[in-house]
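Structural features, examined
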Amino acid sequence: MSPLDGRPVVTAAQMRAAEQLAIERGSSVAALMDHVGRAVAEVVRRIGGGGDVLVLCGSGNNGGDGYVAAAALKAAGIAVRVAASSPPRGEAAIAARAGWDGAVETLADAAPASVLVDALFGTGLNRALDDAVAAPLRRLVEGARLSVAVDVPSGVQADTGEVLGPVPAMAVTLALGAAKPAHLLQPAARLCGTVRVLDIGVTVDSDARVIARPTWTRPGPDSHKFNRGMVAVVRGRMAGAAHLAATAAMHAGAGYVVLLGASMPEAPYALVRKPLTDDALDDPRIGAVVIGPGLGRDEGMREPLDQALASDRPLVIDGDALRLLTPERIAARGGTTILTPHAGEFDALFGAGDGSKLDRARDAATRSGAVVVFKGPDTVIAAPDGRAILAGDANDWLSTAGTGDVLTGAIGAALSSGMPALDAAAAGVWLHGEAARRLGAAFIADELAVALKHARGML
Ligand SMILES: NC(=O)C1=CN([C@@H]2O[C@H](COP(=O)(O)OP(=O)(O)OC[C@H]3O[C@@H](n4cnc5c(N)ncnc54)[C@H](OP(=O)(O)O)[C@@H]3O)[C@@H](O)[C@H]2O)[C@@H](O)CC1
Ligand SMILES: Nc1ncnc2c1ncn2[C@@H]1O[C@H](COP(=O)(O)OP(=O)(O)O)[C@@H](O)[C@H]1O
Ligand SMILES: [K+]
């Protein structure tokens, strides 16, 4: 469990609005900066192991935080130096600089220290780092035993997770007041190291949150196979993919899983096999229909897809099925739908588009009226009402064939248990991520499908 779990995720503009509200209620930029700088100093003192500290300060308020932190560290008896990229500009940052009574070195001349604090640029970064900043930053991070970024690593675009230039990876990032998208979205998230949210005395709220351990009830004395959740998986051209999704649904805890479009009994015998008929899809006990894994993109596959869309059952649509649809067609369906595209499927369905992965997922959810699980090394789950859930730090070993099919099955199991669509999508993503974390390295999708049961057992 990460300390970020369930925390709000805010953009730079939302953070500025929250800060503005705090200011209207009697605080000031200077007071907030003082609070932040002292809080940063306290963390650096605790994790710095008594080593000497070098604080790098930029021209904006991020730099202001750095000057306050340096003064507080010095007052606490720590050996600390400051180097700046350029002089402070805003009123609060100028006042913070005035509160630092030591020398200010240039970045080019500064020697490394055992602890580096990066307070060059935060949410105000508006262009790539110059070489004159990027090169010394890299040298000083490489020369430090521990590197700590204030708010975001300098060079990272807080809202989009883009990395503007050759930005070095930090060991720790202290997110001020709330997580920002860059703490979860790649490629920036990898450069943040361990992220901790520092309380800065500002109340933030957001309709975007970090994924958290789901609430997913365990079977009880009243449970039977149908009320645990019944999942129907539609088989297509590549039977293995539907099989993986079905196995995943079973190990995610569904009570009854049926593979539609298959008839011969074969192991696992717990998986029921039936022909795909309208009747089979309209079984009112079905809590989720899963279609798409290995379906095939040829015209012949439109018929089973049409059958699934016409059913009034909650639907999880993945893989090839996404290539045969349009957002308008999905929206016209009504009812509960979850889409699980990877980047290629997303672009094909919704267009390449601008904006962050979070913006694009939200836009896709609005257009399709569906919950969209935009997968990848980071996963963004968005609902048509604007709510979003971000999952970072996935196990990169998930980048192997069939793991998406496993995710689809896990989401199907959660949806069939009666969870609302956004919660079900998040529960599936969490379970999938946790199973992958437990498996470690070089696992295959078949093992991942089985390992879901260990993650499910934790809930
Ligand atoms: N608001 C508040 O109440 C509080 C905010 N807080 C803190 O403030 C941070 C946000 O501060 P901020 O908005 O001043 O922006 P910041 O990230 O310091 O840098 C912007 C400056 O850098 C410049 N610049 C940009 N890109 C550049 C580049 N590549 N290379 C070179 N220069 C570049 C740009 O100037 P320009 O050159 O564009 O005129 C601008 O002057 C936030 O992350 C948090 O740490 C806390 O103290 C709590 C209270
Ligand atoms: N580094 C990574 N690269 C690609 N996918 C990743 C990575 N880390 C995690 N994943 C996850 O692995 C799964 C891959 O799904 P997908 O691309 O649909 O595979 P398949 O179609 O073979 O089943 C998704 O859940 C995705 O979020
Ligand atoms: K920074």
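Residues numbered from 1 in each chain as written. Chains lettered and ligands numbered in written order. Predicted model: local features only at pLDDT ≥ 70, side-chain atom pairs only at ≥ 80, totals over all residues. Heavy atoms only, no water.

An unreviewed UniProt entry lists the protein under the name Bifunctional NAD(P)H-hydrate repair enzyme, from Sphingomonas gellani. Reading the Subunit (unreviewed entry) entry of the UniProt record for the protein gives the comment "Homotetramer." (UniProt positions renumbered as here; feature names shortened; annotations may be inferred.)

With that out of the way, let us pick up unusual backbone geometry. The peptide bond linking Gln186 to Pro187 adopts the cis configuration, its omega dihedral lying at 5°. Within the element layout of this structure, Pro187 appears in the loop between β6 (172–176) and α6 (188–192). Here Ala267 and Pro268 are connected by a cis peptide whose omega angle stands at -5°. Counting through the fold element by element, Pro268 comes out in the loop between β10 (256–260) and β11 (272–274). Of note in this structure, Asp393 is not a glycine but carries a positive phi near 30°. Asp393 sits in the exposed class, given a relative accessible area of 67%. (Helix = DSSP H or I, 4+ residues; strand = E, 2+ residues; numbered from the N terminus. Buried < 20%, exposed > 50% of the residue type's maximum accessible area, 1.4 Å probe, protein only.)

Membership of the largest hydrophobic core comes to 55 residues, with the highest contact counts inside it found for Trp216, Val233, Val257, Ile338 and Ile381. With eleven residues, the top contributor of residues to this core is helix α15 (residues 421–439). Ignoring any residue separated from it by four or fewer positions in sequence, one finds Ile338 in contact with Leu315, Val316, Ile317, Val371, Val373, Ile411, Leu415, Ala421, Ala424 and Ala425. Formed by 49 residues, the second largest nonpolar core is a distinct cluster that contains Leu281, Val372, Val380 and Ala382. (Core = buried A, V, L, I, M, F, W, Y, C linked by side-chain atoms within 4.5 Å. Contact = heavy atoms within 4.5 Å.)

The subject of this paragraph is the domain arrangement of the protein. As far as domains go, the protein holds domain 1 (12–210) and domain 2 (230–457). On a C-alpha basis, the centroid separation for the pair domain 1 and domain 2 is 40 Å. Each partner contributes to the interface: domain 1 provides eleven residues, whereas domain 2 provides 16 residues. In this assembly, domain 1 and domain 2 are joined by two salt bridges. Where Asp396 meets Arg190, a salt bridge forms, and the shortest distance between an N and an O atom there is 2.9 Å. (Domains from an automatic or database assignment. Salt bridge = Lys/Arg side-chain N within 4 Å of Asp/Glu carboxyl O.)

Looking now at the sheet that holds strand β14 (residues 337–339). The strand order across the open sheet formed by ten strands is β8-β17-β16-β15-β14-β13-β12-β9-β10-β11, and the pairing between neighbours is mixed. The two strands at the open ends of the sheet, each matched to only one other strand, are β8 (208–210) and β11. Each strand axis lies, on average, 20° off the axis of its neighbour in the sheet, ignoring direction. With three bridges connecting them, β10 and β11 associate as parallel partners. When the bridges of β11 are listed, Val258 appears paired with Val272. Running over the sheet, α15 touches β14, β15 (371–374), β16 (379–382) and β17 (388–391) and is turned about 165° from β16. (Pairing = 2+ DSSP bridges. Axes fitted to C-alpha atoms, helices over the stretch in contact; angles between N-to-C directions.)

Moving on to the side chain of Asp65. Following the sequence through the fold, Asp65 ends up in helix α3 (residues 61–75). If we ignore the near neighbours within four places in the chain, the residues touching Asp65 are Met33, Val36, Gly37, Val150 and Leu176.

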